[in-house]
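Understanding the architecture of this molecule
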Amino acid sequence: MWPRIQEVRLEMGKARIVAVVAALALLLVACGRNNSSNGGGSVAPVGTPISSGPVSGNLEVWAMGTEGEKLDVLAKDFMAQNPDVKVKVTAVPWDAAHDKITSAMAANTTPDVSLVGTTWMGEFAAAGGLDPTPSSIDKSAFFPGSWDTTVVNGTSYGVPWYVETRVIYYRKDLAEKAGVTSAPTSWDDLKNMAKAMMDKAGVKYGLNLQAGGTGSWQTLMPFVWQNGGGIVDDSGTFTLDSQQNIDALKYYQSYFTDKISPTALDPGALESGFIDGSIGAFVSGPWHIGILKDQGGDSFMSKVALATMPKEEAGTSFTGGGDLVVFKNTKNRDAAWKFVEYLSQPDVQAKWYQTVSDLPAVQSAWDDQSIANDQWLPTFRKQLQDAKSPPAIPNWEQIASAIDSETEKLCKSGEAPDAAAKAMQEQATSIGTGF
């Protein structure tokens, strides 16, 4: 099974209050940790490269879930190349990770390096806990949308470690039965395929979309981005009530008013429905390849096709995954960043894929035969060229919760798209970005 199911849980996170960030910032300053000091020695200015010489000393690294359980494999290789460095990896459960890191930042007891969720970057950077990414790290090596998850107020505070994105899974046998012989490439194509499978191939629901609930913004927002809409403009002002957003909400809602998408599914019903032919298509990430193989078998997979997200002004999807950060209070900055750089080497990223099936954040790693020869991955690689995350702002979890709530009203209660957009805008403005 693909390990990214836990990534969904990670990005769904609990809503965070503004006071947490403010309190953390005050605590960090009180401990002498601000933009110019880390309480453990001087902190390099933004973008300072690391030393090119050998490194030594101890490193404490936190990682979550499967990554935490398996990272010792790569840590041993790094120590073999850097015999004067000792790396200790601590596995942290995903559901405890956010609060553990927050508490460690407040108490000045953070590790040197940690895996963090992409949507946590704004909060942790704004609280003053992260060391800026050295300018010697080449951002062009990474998928653009993934690199952007590390950028807070114009400064990068880490590197992407692994990535995921969402594409369309559809039953190509049922689509062909309905007269659809090519993958959908536009909003009209997608809806027409879904309707055709219902009308001509006996499918109950043509396309499953999230009808609200925790994390539903991850399915909704790509349609907003595809239509030229967004969350904030270049000045940081919320734009959730723009006409582009309203039109995207209207399109999204139509799947529910036209009964193309279900408003609720029991756990496991998506996969079983897709396999038995009652659900024709759905939007999801790479972890579903393993799930469908396990439940449907190899013979069933011959009926499955993948497509990138439909294009209007753009064909954008959501990208998630995990970022690696170095904390400001590290006493071994050079070794910490050299470990991060090591984990970002293409051959190491390919080995990590072979170890835990994490998709590489470094683009050239996808040329490794273990990845390039996998029939399912080219669609994800293509989609990653047009994928993005929400802006890295401290209060994102609260704003995401507001979007989730209004999405549920839009899909289940028939709330007017302009009213839903207005409510999202008002709530987001009230919450603020957190900067």
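These notes cover the structure that comes with them. The numbering scheme is per chain: residues are counted from 1 as the chain's sequence reads. With pLDDT at 70 or above as the cut-off, local features in this predicted model cover only qualifying residues; side-chain atom pairs require 80 or more to be listed or tallied, and sums for whole chains, interfaces and linings still use all residues. Derived side-chain values reflect all non-hydrogen atoms in the structure, with water molecules and hydrogen atoms excluded from consideration.

Before going further, it helps to spend a moment on the overall build of the chain. A run of H or I in DSSP becomes a helix once it reaches four residues, and a run of E becomes a strand once it reaches two; helices and strands are each numbered from the N terminus. Helix and strand content of the chain: 19 helices and 14 strands. The proportion of buried residues among the 435 residues of the chain is 58%. Any two residues having at least one pair of non-hydrogen atoms within 4.5 Å are treated as being in contact. Residue pairs at least 24 apart in sequence account for 78% of intrachain contacts in the chain once pairs closer than 6 positions are excluded. A total accessible area of about 16,800 Å² is found for the chain, and carbon and sulfur atoms account for 48% of it. Think of it in three bands: residues with accessible area under 20% of the maximum for their type are buried, residues over 50% are exposed, and the middle band is partly exposed, with areas taken using a 1.4 Å probe on protein chains only. All accessibility values rest on the Shrake-Rupley procedure with a 1.4 Å probe; residue burial counts only the protein chains present in the view.

Our next topic: the packing of aromatic side chains. Under the pairing criterion, centres of Phe, Tyr and Trp rings, with the six-membered ring standing for Trp, must be within 6.5 Å; the plane angle then separates stacked pairs below 30 degrees from edge-to-face pairs above 60, leaving the rest tilted. Applying the stated criterion across every chain yields a total of 19 aromatic pairs. On the basis of an interplanar angle of 90 degrees and a centroid distance of 5.2 Å, the ring pair of Trp217 and Phe318 is categorised as edge-to-face. Residue Trp217 is found in helix H10 (residues 217-226), and its partner Phe318 is found in strand E12 (residues 317-326); the two are separated by 101 residues along the sequence. For the pair Phe274 and Phe282, a centre-to-centre distance of 4.9 Å together with 90 degrees between the ring planes defines the contact as edge-to-face. Of the two residues examined, Phe274 and Phe282, each falls in the buried class. Ring pairs connect the aromatic residues Trp187, Phe223, Tyr251, Tyr252, Tyr255 and Phe256, which therefore count as one cluster. It is Lys100 that lies over the ring of Trp62; its NZ or CZ is 4.7 Å from the centre. The criterion for a charge sitting over a ring is simple: Lys NZ or Arg CZ within 6 Å of the ring centre, and within 35 degrees of the ring normal. Above the ring of Tyr255, the side-chain terminus of Lys191 is found at 5.1 Å from the ring centroid.

With respect to the helices and strands, the residue Asp323 is situated in strand E12. Of the residues examined, Asp323 reaches a relative accessible area of 1% and is grouped as buried. Excluding its chain neighbours within four sequence positions, the residues that come into contact with Asp323 are Ser114, Leu115, Val116, Thr118, Met121, Thr149, Thr150, Val159, Pro160 and Trp161.

Next up on the list: the sheet that holds strand E11 (residues 304-307). Two strands make a pair as long as DSSP finds a minimum of two bridges between them. The sheet built from three strands is open, its strands ordered E10-E9-E11 with antiparallel pairing. On the outer flanks of this sheet lie strand E10 (281-284) and E11, each paired with one strand and no other. The average undirected angle you get between the axes of adjacent strands in this sheet is 25 degrees. Direction of pairing for strand E9 (residues 167-171) relative to E11: antiparallel, over a ladder of four bridges. Bridge pairing in E11 places Tyr169 opposite Leu306. Each axis is a line fitted through C-alpha atoms, taken for helices only over the stretch in contact, and angles between the N-to-C directions span 0 to 180 degrees. Lying on the sheet, helix H12 (residues 269-276) is in contact with E9, E10 and E11; it crosses E9 at an angle near 45 degrees.

All right, on to the environment of Tyr251 then. When you line up the elements, Tyr251 lands in helix H11 (residues 243-257). For the pair Tyr251 and Trp187, spaced 64 residues apart in the sequence, the C-alpha separation amounts to 8.4 Å.

Only buried Ala, Val, Leu, Ile, Met, Phe, Trp, Tyr and Cys residues count toward a nonpolar core, and they belong to the same one when joined by side-chain atoms within 4.5 Å. Judged by nonpolar contacts, the single largest core of 77 residues is most densely connected at Leu71, Val87, Ile101, Tyr169, Leu343 and Phe380. Not counting residues up to four positions away in its chain, the partners in contact with Val87 are Leu59, Val61, Ala75, Phe78, Met79 and Phe339. Grouped together as the second largest cluster of nonpolar side chains are 51 residues, Ala194, Tyr255, Ala305 and Ile393 included.

Here the focus is the pairing of E12. Across the ten residues that make up E12, a large majority, ten, are buried. In the sheet, strand E5 (residues 113-117) pairs with E12 via five bridges, with the strands oriented antiparallel. From the neighbouring strand, Leu115 faces E12, where its bridge partner is Leu324. One ladder, built from six bridges, connects strand E8 (residues 159-165) with E12; its direction is antiparallel. Bridge assignment links Val163 to a residue of E12, and that residue is Gly321.

The subject of this paragraph is helix H19 (residues 417-431). Given a rise of 1.5 Å per residue, 15 residues ought to cover 21 Å, and the 21 Å separating the end C-alpha atoms of H19 matches this to within 8%. Looking at the packing, one finds that the buried side of H19 touches H10, H11 and helix H18 (396-413). The span you would expect from a helix comes to 1.5 Å times its residue count less one.

Where helix H4 (residues 72-81) contacts helix H15 (residues 346-356), the axes come no closer than 10 Å and their chain directions differ by 150 degrees. With respect to H15, the axis of H4 lies roughly antiparallel. Where H4 crosses over H15, the handedness of that crossing is right-handed. Across the interface between the two elements, Val73, Leu74 and Asp77 of H4 pack against Val348, Lys351 and Trp352 of H15. Here is the rule for angles: anything less than 35 degrees is roughly parallel, anything more than 145 is roughly antiparallel, 65 through 115 is roughly perpendicular, and the remaining ranges are oblique. Left-handed is the label given to a crossing in which the near helix is rotated counterclockwise from the far helix by less than a right angle, and right-handed is the label when the rotation is clockwise.

Of the two site types, the cavity is a set of points on a 1 Å grid over the protein atoms alone where a 1.4 Å probe fits but cannot get out, and the pocket is an open set with protein on both sides within 12 Å along at least five of seven lines, each lined by residues with an atom within 4 Å of a point. Grid points are joined across faces, edges and corners, and a volume is the space filled by probe spheres set on the points. The calculated volume of the second largest pocket comes to roughly 530 Å³. What lines the second largest pocket is a set of 23 residues, among which Val232, Asp233, Pro390, Pro391 and Ala392 lie closest to the centre. Contributions of two or more residues to the lining of the second largest pocket are made by helix H7 (144-148) and strand E6 (151-152). Ten residue types, Ala, Val, Leu, Ile, Met, Phe, Trp, Tyr, Cys and Pro, are classed as nonpolar, four, Asp, Glu, Lys and Arg, as charged, and the remainder, Gly among them, as polar. Among the residues making up the lining of the second largest pocket, the classes are represented as ten nonpolar, nine polar and four charged.

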